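Residue-level structural notes
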Amino acid sequence: MIPSPLRPYAGKRDSAEFTARTVGEALGHLTTEFGELRKHLFTEDGKLRSFVNVYVNDEDIRYLAKENTPTKDGDTISIIPSIAGGIPSMVSAIPSIADAMRPKFRHSERSEESALGFVSDNGIGS
Amino acid sequence: MADAMELWISGHIAEQIRAHGAETYPHECCGALLGRDSTAVPEIHRGKGAVASAREILQLFPLVNRRDDSPRNRFSVTPQDVLEAEKAAREHGLEVVGWYHSHPDHPARPSEYDRDHAWPWYSYIIVSVQNGAPQDMTSWRLNDDRAEFSSEGIEIRHRAAV
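Small disclaimer: the values here were computed from a predicted structure and weren't measured.

Overview of the overall build of chain A
Within chain A, the secondary structure is distributed over 3 helices and 5 strands. Overall, chain A shows an N-to-C arrangement of helices and strands of α-α-β-β-β-β-α-β. Here chain A, with 126 residues, has 27% of them falling under the buried criterion.

Below, the structure written as structure tokens:
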């Protein structure tokens, strides 16, 4: 299963079928067919991004054999985005009128460890 | 001209988000936005040369904030919550098009933490709750390069768009 934010990079598909012996092999097939997905799923050194969860049926592959987790006929592999957020860690300043009127802005706070215990990286789309 | 984005939402759903924020105050609330992208061009953008897109929110899927350690300034949902939201959306012929959460005693603006944890394409609604009372509500989309959010206009509609 391909989550909605990644479907634009997968021909708008919500799922795809492959024959594969492991999760890593299935993801390899997927990113070969949809090349743009690769940068959203993997870091430049080929590791699965920390904000991407991968499940085989109902099991998180982090608690199995990660990308070497074996698959069999009929298994469903789900790519699940980590969802988290919140207010700044420090007391935030009252926004200025200029801030309020500015449609886009950059942030300057520091990142911290993610809610699910994974260290933040540049994430997808970088 | 940059793409213009607009979020269509009923007054009832907007009120549900505000009420959820008030209910969980001083903790953050969170939930999924179920809806679909519309092919209709928002009226205010017609004939102005902008590539406009509208997204309509048709249902909420309220969730429990799983950040027991710091629920006043953080929210997270589990992968199972995400799967449940996706399942609920499919059952109604919709998609999970975004997420909402509250900022207790803070403005309805995304934080750096929000940006670090956001995904492009999703809409992120933030409602500010000041002293227990819901205030401003805004919506944002993370740009493809993840460098910043773009504001997404919220239009309260009396009926669902086609």
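Past the structure itself, the notes keep going.
So, the confidence of the model for chain A
All names here are of chain A. On average, residues of chain A carry a pLDDT of 76, and 70% of them reach 70 or more. Across chain A, element-level confidence peaks in helix α1 (residues 23-33) with a mean pLDDT of 96 and bottoms out in strand β5 (residues 104-105) with 40. Of the regions scoring below 50 in pLDDT, residues 91-126 engages in 66 contacts with residues more than four places distant in sequence or in other chains.

A look at the environment of W99 of chain B
Considering the arrangement of structural elements, one finds W99 of chain B in strand β5 (residues 95-104). For the pair W99 of chain B and L7 of chain B, spaced 92 residues apart in sequence, the C-alpha to C-alpha distance is 12 Å. Here W99 of chain B is in contact with I83 of chain A together with C30, A32, L33, Y122 and Y124 of chain B, once residues within four sequence places are set aside.

Rules used throughout
Residues numbered from 1 in each chain as written. Chains lettered and ligands numbered in written order. Predicted model: local features only at pLDDT ≥ 70, side-chain atom pairs only at ≥ 80, totals over all residues. Helix = DSSP H or I, 4+ residues; strand = E, 2+ residues; numbered from the N terminus. Buried ≥ 20, exposed ≤ 12 C-beta atoms within 10 Å, placed from the backbone. pLDDT = per-residue confidence, 0-100. Contact = placed C-beta atoms within 7 Å.

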